[in-house]
Amino acid sequence: MTEYNFAYLDEQTKRMIRRAILKGLAIPGYQVPFASREMPMPYGWGTGGVQVSAAVLTPDDTLKVIDQGADDTTNAISIRRFFEKTAGVAVTEATSDASVIQTRHRIPEEPLRDDQILVYQVPIPEPLRFLEPSEVETRKMHSLEEYGLMHVKLYEDISQHGAIATAYAYPVKVEGRYVMDPSPIPKFDNPKLEMAAIQLFGAGREQRIYAIPPYTQVVSLDFDDYPFEATKADHACDLCGAEDSYLDELIVDDAGARMFMCSDTDYCAKRRAQGHVGAQAAEDAA
Amino acid sequence: MTPLLQVTDIAKFYGQRIGCTGVSFDLYPGEVMGIVGESGSGKSTLLNCLAGHLTPDRGSVCFDTRADGLRDTVSMSEPERRMLSRTDWAFVHQHARDGLRMNVSAGGNVGERLMAVGARHYGDIREAATDWLGRVEISVDRIDDRPTAFSGGMQQRLQIARNLVTGPRLVFMDEPTGGLDVSVQARLLDLLRGLVREMNLSAIIVTHDLAVVRLLADRLMVMKDGHVVETGLTDQVLDDPQHRYTQLLVSSVLQV
Amino acid sequence: MINVENVSKSFTLHNQGAARIPVMHGASFQVAPGECVALVGVSGAGKSTLMRMLYGNYLAQSGRIQIGEVDVASAAPREILQLRRYSLGYVSQFLRVVPRVSTVDVVAEPLLATGWDRSDALARAEILLTRLNVPERLWSLSPTTFSGGEQQRVNIARGFAYDYPALLLDEPTASLDATNRAVVLEMIAAAKARGAAIVGIFHDDAARAQVCDREIDVTAFTPKAVA
């Protein structure tokens, strides 16, 4: 691999991105503008995450890429191959073996360690955007800590659905200061945002980077009488029997039969390897 | 008694052109002051300077804050001023869509100011919104409808509810009845008059409609070409105008 | 209670060649508490103008108009508003109210403005409307659509709702039938009895003779050039 600089981006660009990352870590939850580059993939395919990963990768790193928890989707595979090609780093599907994990829409079930980095792909970084279209105004709201509008969104949820219906991209307040969009992860994952690993968020099209340093307080917004709940399907994984993991629902035949399985494919495979068996697997065996 | 608002020598220029200049007055708790004048007389510029939407080039606007007494809102920090504008101040725009969030339900619109000052109990917010919709005569079963589905008069009443829910002490109004049908205007005027008295509100109302100020305002300020040409009791200024321009203004109104 | 000293007034019509029209000169008189004084004089002599100056509705050019502690001729708007709220009532010939407000609210308004409890104020308004024979079915309606006589009685009820120490009455018995005229004269007598200082304009000679202690001929204050 001599055609490309290590991890595709030139060193100047990586330095610029690292500065944005360091600033983001210094001000947890604050959206740092950066000069997002054109990447050899379309917007919406994780160009922000890829640039952040490119800036933090070292030749010794082991990379894992997941999309909705799975290592084997087109998006995950293409990004993994991209870095195999341009950085020559080792890749893995095992959460515990990875030193850098790029993710779209999930946090792995297995708790991360302080020697790991989790990089999120972010479509729309501004949590206030849907209610306040003006960027000038939202920046002012952040700088003056005027976050009443965020609760207006939750109020609307309750008034329309009888409960907070926001199920993903559930807004959080970081270290008691900035309100942040945790990217479209399910709210089931919100409690995991307080973790040992470094969490970096990259939005390519919107040109923003933000971060949560290890062991930072992350509180999901709610009302006193409608407290935050980290919900998941009320079911166990049909493959591995796990009752504590976030599940995908699958329609399996024309009659509408369905099954539930871990969205985190590595977690599920590991449990099955350990001998755990879910309802479906037990049926098949019988 | 301390004035609620003490305005001293306010001036605002747009390049060479005068927006308004040399404006001074005191407003006391419970007083309603009307500002009248034709388009371009500087009345809206003045209102925006007073409400902190424009920075005047000269002068001070001192407000009797709850915590520290009289403070100049022109020189205070922006966070403080913005805090005032969603607690003790209210601003009613001529066009309701400028003062409402059109993509948020009526209840959410009323609740926003409460949430902005820290309300975090859905039930309480809902109850306050219900109460306020009733007070501005909007049927409570419309609480989850968006203002886009409301008539102009209803939108204006919703805007008033949204502004008054935090119990402000000073309300700025820019042509609050402009663009509404005459019958709808009367209902709105009546509502405003009742609220002003019940809440002991002070208000500054900019309008070109002399009938509006006669019904709502205790005092009147007449502006022309950026200058205040006459002030006084509303009925005195309208019935015994002293200045040439005021006389012209009053005599130009068609009698019905 | 009311002390008028050397008051003069002229109108300057800026938009009609700055014509200056003097209408009053050297007006002086006093009204004691419990006294009712009638302003008399030919039409155009300035009775209404003087009345309006007493109320602060017209600006006096010079002189003093002392009502209680306040000099209306020189007071700030705020002081006049206070005076009107607590000390100086006015029954005009015309009813000027927000179109939609109910009659009972129109009558109770002066009481509410002085901080009366709402139910007490409404109760008092109902007593006055009953006394002035305004039919109960009209109470919840806006008086703007009423007949002249009905509007006049609503106006009187409103003017007498609060016990002002000074009271200005502009033709209070005009357009009233005999029964209601008698009620109004009783109310004026009662106001005098509680110590109100009253200035009135009465075209009704008999009524004037019945309630007024003396007359002031406004013609005496009419500037010579006009007279």
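Residues numbered from 1 in each chain as written. Chains lettered and ligands numbered in written order. Predicted model: local features only at pLDDT ≥ 70, side-chain atom pairs only at ≥ 80, totals over all residues. Heavy atoms only, no water.

A.B. asks: How do you make sense of the state of the cysteines when you look at a structure like this?
C.D. replies: What is meant by a disulfide is a covalent connection between two cysteines, made through their sulfur atoms. Residue and element names in this part refer to chain A. By the definition in use, this model includes 0 disulfides over all chains. Here Cys-240 stays unpaired: no disulfide links it, and the sulfur of Cys-262, its closest cysteine neighbor, is 3.6 Å away. Note on Cys-240: relative accessible area 1%, which makes it buried. (Disulfide = S-S within 2.5 Å. Buried < 20%, exposed > 50% of the residue type's maximum accessible area, 1.4 Å probe, protein only.)

A.B. asks: Help me out: how do you make sense of the environment of Ser-119 of chain C in this one?
C.D. replies: Looking at the secondary structure, you find Ser-119 of chain C in helix H4 (residues 118–131). Sequence separation of Ser-119 of chain C and Ala-108 of chain C is 11 residues, and the distance between their C-alpha atoms is 9.6 Å. (Helix = DSSP H or I, 4+ residues; strand = E, 2+ residues; numbered from the N terminus.)

A.B. asks: Which parts of the structure should I look at to understand the arrangement of the chains?
C.D. replies: By contact count, the dominant pairing among the 2 pairs of chains in contact is that of chains B and C. At the C-alpha level, the nearest point of chain A lies 34 Å from chain C, with no contact between them. (Contact = heavy atoms within 4.5 Å.)

A.B. asks: How should I be thinking about the side chain of Arg-81 of chain B in this particular structure?
C.D. replies: All names here are of chain B. Looking at the element boundaries, Arg-81 is found in helix H2 (residues 78–85). Despite being buried, Arg-81 has no salt bridge partner; Glu-78 is the closest side chain of opposite charge, sitting 5.4 Å away. Dropping the residues within four chain positions of it, Arg-81 is found in contact with Gly-52, Thr-73, Val-74 and Met-76. (Lys, Arg positive; Asp, Glu negative; His and termini not counted. Salt bridge = Lys/Arg side-chain N within 4 Å of Asp/Glu carboxyl O.)

A.B. asks: I keep staring at the packing of aromatic side chains and nothing clicks. Help me out?
C.D. replies: Two measures describe an aromatic ring pair: the distance that separates the ring centres and the angle between the ring planes. This model, assessed by the stated rule, comprises 17 aromatic pairs over all chains. Seen in terms of ring centroids, Trp-89 of chain B and Phe-172 of chain B are 5.2 Å apart; in terms of plane orientation they differ by 80 degrees. Their pairing is edge-to-face. On the criterion of sequence distance, the pair formed by Trp-89 of chain B in strand E6 (residues 89–92) and Phe-172 of chain B in strand E7 (residues 170–174) is long-range, its members being 83 residues apart. Residue Trp-89 of chain B shares its accessibility class with Phe-172 of chain B, and that shared class is buried. Among the aromatic residues, those joined into a cluster by ring pairs are Tyr-4, Tyr-8, Phe-82 and Phe-83 of chain A. Positioned above the aromatic ring of Tyr-55 of chain C, the side-chain terminus of Arg-84 of chain C is 4.1 Å from the ring centre. (Phe/Tyr/Trp six-rings, centres within 6.5 Å; stacked < 30°, edge-to-face > 60°. Lys NZ or Arg CZ within 6 Å of the ring centre and 35° of its normal.)

A.B. asks: Where do I start with the pairing of strand E8 (residues 198–203) of chain A in this structure?
C.D. replies: The two faces of a sheet get side chains in turn, since along a regular strand they alternate between them. All names here are of chain A. E8 sits mainly inside the fold: 5 of its 6 residues count as buried. Bridge count between strand E5 (residues 117–121) and E8: 5 bridges; the pairing is parallel. From the neighbouring strand, Tyr-120 faces E8, where its bridge partner is Phe-201. The pairing of E8 with strand E9 (residues 208–212) spans 5 bridges and is antiparallel. By the bridge assignment for E9, Leu-200 is matched with Ala-211. (Pairing = 2+ DSSP bridges.)

A.B. asks: In this structure, what is going on with unusual backbone geometry? I would like to understand it.
C.D. replies: Both trends apply: most residues other than glycine have a negative phi, and most peptide bonds are in trans. Of note in the backbone geometry, Asp-225 of chain B takes a positive phi value of approximately 50 degrees without being a glycine. Relative to the helices and strands, Asp-225 of chain B resides in the loop between strand E9 (219–224) and strand E10 (227–233). Non-glycine residue Ser-175 of chain C carries a positive phi angle of around 55 degrees. On the secondary structure map, Ser-175 of chain C appears in the loop between strand E7 (166–170) and helix H6 (178–193). For Ser-175 of chain C, a relative accessible area of 52% gives the class exposed.

A.B. asks: I'm lost on the sheet that holds strand E10 (residues 218–220) of chain A in this one. Help?
C.D. replies: The strands that make up a sheet are held in pairs by hydrogen bonds between backbone atoms, and each pair lies either parallel or antiparallel. Residue and element names in this part refer to chain A. The 3 strands are arranged E7-E6-E10 in an open sheet whose pairing can be described as antiparallel. Taken across any chain shown, the strands that pair with only one partner, and hence form the sheet edges, are strand E7 (178–180) and E10. Pairwise comparison of adjacent strand axes, ignoring direction, gives a mean angle of 30 degrees for this sheet. As paired strands, strand E6 (residues 172–174) and E10 are joined by 3 bridges and run antiparallel to one another. Bridging across to E10, Lys-173 finds its partner in Val-219. (Axes fitted to C-alpha atoms, helices over the stretch in contact; angles between N-to-C directions.)

A.B. asks: Before we go on, may I ask you to explain the packing of helix H5 (residues 148–161) of chain A against helix H4 (residues 106–116) of chain B in this structure?
C.D. replies: Any two packed helices are characterised by how steeply their axes cross, that is the angle between the axes, and by the distance between the axes. Packing of H5 of chain A against H4 of chain B leaves a shortest axis separation of 8 Å and a crossing angle of 140 degrees. Considering their axes alone, H5 of chain A and H4 of chain B lie oblique with respect to each other. Between H5 of chain A and H4 of chain B the crossing geometry is right-handed. The segment H5 of chain A lies against H4 of chain B, with Gly-148, Leu-149, His-151, Val-152, Tyr-155 and Glu-156 of chain A engaging Gly-107, Gly-108, Glu-112, Met-115 and Ala-116 of chain B. For the contact of H5 of chain A with H4 of chain B, the class distribution of residues is 5 nonpolar, 4 polar and 2 charged. (Parallel < 35°, antiparallel > 145°, perpendicular 65-115°, else oblique. Left-handed = near helix turned anticlockwise from the far one by under 90°. Nonpolar A, V, L, I, M, F, W, Y, C, P; charged D, E, K, R; others polar.)

A.B. asks: Can you walk me through the interface of chain B and chain C in this structure?
C.D. replies: A common measure of how large an interface is: the accessible area buried when the components associate. The partner chain C presents 26 residues to the 24 residues of chain B that form the contact. By the criterion of area lost to chain C, the three top residues of chain B are Arg-197, Leu-233 and Asp-240 of chain B, representing 24% of everything that side buries. Viewed at the interface, chain C and chain B are joined by 12 residue pairs in polar contact (both at pLDDT 80 or more). Looking at the side of chain B that touches chain C, the elements with two or more residues in it are helix H7 (182–198), helix H8 (210–216), E10, helix H9 (234–239) and helix H10 (244–252) of chain B. (Buried area = accessible area lost by both parts, 1.4 Å probe. Polar contact = N/O pair within 3.5 Å; in protein donor to acceptor, adjacent residues only side chain to side chain.)

A.B. asks: Looking at this structure, how should I read a negative patch on the surface?
C.D. replies: Together, Asp-224 of chain A together with Asp-124, Glu-127 and Asp-131 of chain B line one region of the surface with negative charge. Positionally, Glu-127 of chain B belongs in helix H5 (residues 122–135). (Patch = residues over 30% accessible without salt bridge, like charges linked within 9 Å, V, L, I, M, F, W, Y side chains within 5 Å. Areas by Shrake-Rupley, 256 points an atom, 1.4 Å probe, with all protein chains shown as cover. Charge placed at Lys NZ, Arg CZ, Asp CG, Glu CD.)

Keep in mind these numbers describe shape, not what the thing actually does.
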